[in-house]
Amino acid sequence: MRLRGRKGIRENLEQQEDLVVLEPKQHKGKWAELFGNDHPIFVEFGMGKGQFISQMSYKYPQYNFIGIDMYDELVRRASEKARNAWSQAEVETPPNLKLALANIEQIEEVFDPKELERIYLNFSDPWPKAKHARRRLTHPRFLKKYIELLNPKGQIHFKTDSETLFEFSLNSIADFGLQMTNLSLNLHREGLNEEHVMTEYEQKFMGKGMNIHRVEVIVGEEALREYNEVRLDKYKVREATDESGEDQDEA
Ligand SMILES: C[S@@+](CC[C@H](N)C(=O)[O-])C[C@H]1O[C@@H](n2cnc3c(N)ncnc32)[C@H](O)[C@@H]1O
């Protein structure tokens with residue numbers, strides 16, 4: 001019975017060649033060809049049911065998106081979400097989205113070095129036991145791979161409800177000497193931001209009143225240069241304001 005179910009899922013996925021990639025290793029170094037353009041590629045590692053990547057692809061047509069999960073049933077569910085998101089524009093095949101079946105353990109066999117511009121890690125499994133730490137998608141052994149895959153504008157955006165996974169991840173990131181920005185311990189403190197695309201887990205945890213932690217990691221040298229320019233400008237404005245005495249405390 002179970003086998004028949006799985007076979008059905010496989011058949012379903014095989015019939016969706018326009019959206020689903022069952023052999024992603026065959027496209028290593030050639031994802032731009034598959035999309036038919038050289039727009040930046042943004043991926044979500046562990047997309048689950050695919051709400052985030054589907055909505056992102058619809059909202060940002062100027063980028064290419066790839067959602068990856070290791071379970072075929074989740075890829076199937078994501079394909080429904082994706083087609084549904086695009087149906088509002090009466091588009092059957094999302095032009096800038098692919099959903100791939102792959103294990104992040106072998107991600108270097110799916111992408112060439114510098115092939116990606118952004119990696120999203122949303123609510124990655126926390127693996128709370130210390131003996132499973134190596135399985136966390138922000139473990140240094142994974143970060144090392146991500147750094148290789150990202151181009152000069154490369155960034156990693158990470159969200160989680162898990163305080164312990166967040167703490168572990170910040171330490172991994174710091175160990176690589178990577179710059180972090182827009183760090184938040186409670187992303188939705190000010191209430192819901194319409195611009196923010198939510199994942200399934202994010203909605204679930206927010207509904208339970210839990211804080212969402214988020215950080216952006218600047219990996220590529222061009223991204224770092226741009227970040228430093230903005231940061232220095234910000235400080236110049238702040239110093240000028242301080243010198244003119246504006247915004248200073250009376251006391
Ligand atoms: C907790 S869910 C989060 C799903 C989604 N990102 C969200 O925020 O709603 C984690 C997902 O990562 C996937 N995942 C975990 N480890 C993975 C791996 N090594 N390779 C591919 N997918 C993985 C799981 O199958 C699961 O769908």
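Basis of the calculations
Residues numbered from 1 in each chain as written. Predicted model: local features only at pLDDT ≥ 70, side-chain atom pairs only at ≥ 80, totals over all residues. Heavy atoms only, no water. UniProt positions renumbered as here; feature names shortened; annotations may be inferred. Helix = DSSP H or I, 4+ residues; strand = E, 2+ residues; numbered from the N terminus. Rg over C-alpha atoms; globule rule 2.2 N^0.38 Å. Contact = heavy atoms within 4.5 Å. Lys, Arg positive; Asp, Glu negative; His and termini not counted. Charge placed at Lys NZ, Arg CZ, Asp CG, Glu CD. Buried < 20%, exposed > 50% of the residue type's maximum accessible area, 1.4 Å probe, protein only. Polar contact = N/O pair within 3.5 Å; in protein donor to acceptor, adjacent residues only side chain to side chain. Near = heavy atom within 4 Å. Areas by Shrake-Rupley, 256 points an atom, 1.4 Å probe, with all protein chains shown as cover. 1 Å grid on protein atoms, 1.4 Å probe; cavity = no way out; pocket = protein on both sides within 12 Å on 5 of 7 lines; lining within 4 Å. Sits in = over half its atoms within 2 Å of the grid points. Nonpolar A, V, L, I, M, F, W, Y, C, P; charged D, E, K, R; others polar.

Going by what an unreviewed UniProt entry lists, the protein chain is known as tRNA (guanine-N(7)-)-methyltransferase and is assigned to Paenibacillus polysaccharolyticus. According to the UniProt record, the Catalytic activity (unreviewed entry) comment for the protein chain reads "guanosine(46) in tRNA + S-adenosyl-L-methionine = N(7)-methylguanosine(46) in tRNA + S-adenosyl-L-homocysteine". Under the Pathway (unreviewed entry) heading, UniProt states for the protein chain: "tRNA modification; N(7)-methylguanine-tRNA biosynthesis."

Moving on, we get to the overall build of the protein chain. When its secondary structure is counted, the protein chain shows eight helices and eight strands. In terms of overall dimensions, the protein chain is globule-like: its C-alpha atoms have a radius of gyration of 20 Å, near the 18 Å expected for 251 residues. Principal axes of the C-alpha set define a box for the protein chain whose edges measure 75 × 40 × 35 Å. By sequence separation, contacts in the protein chain at least 24 residues apart represent 76% of the contacts at least 6 residues apart. Computed over 36 positive and 44 negative side-chain charges, the inter-centroid distance for the protein chain is 9 Å.

So, on to the side chain of Ser54. The residue Ser54 is located in helix α3 (residues 51-59) in this model. The class of Ser54 is buried, set by a relative accessible area of 1%. A distance of 3.3 Å separates a polar side-chain atom of Ser54 from the backbone nitrogen of Ala82. Leave out the neighbours within four places in its chain, and Ser54 touches Ala78, Lys81, Ala82, Ala85, Trp86 and Leu97.

Glancing now at the site of the ligand. Around the ligand, the structure places 17 residues, and the nearest of them are Gly46, Asp69, Asn103, Ile104 and Thr199. Separating a nitrogen atom of the ligand from a backbone N or O atom of Gly46 is a distance of 2.8 Å. Backbone polar atom of Asn122 to a nitrogen atom of the ligand: 2.9 Å apart, as the coordinates give it. Notes on the ligand: free accessible area 590 Å², of which the protein chains cover 92%. Taking a 2 Å distance to the grid points as the criterion, the majority of the atoms of the ligand fall inside the largest pocket. Grouping the amino acids of the shell around the ligand by side-chain chemistry returns eight nonpolar, five polar and four charged.

A word on the UniProt feature "binding site: substrate" (unreviewed entry) in the protein chain. The residues that UniProt annotates with the feature "binding site: substrate" (unreviewed entry) are Lys129, Asp161, Thr199, Glu200, Tyr201 and Glu202. The named residues occupy 74 residues along the chain; their greatest pairwise C-alpha distance, 24.6 Å, places them well apart from one another. Of the residues annotated just before, the largest pocket has Asp161, Thr199, Glu200 and Tyr201 among its lining. Following the sequence through the fold, Lys129 ends up in the loop between β5 (116-122) and α5 (140-149).

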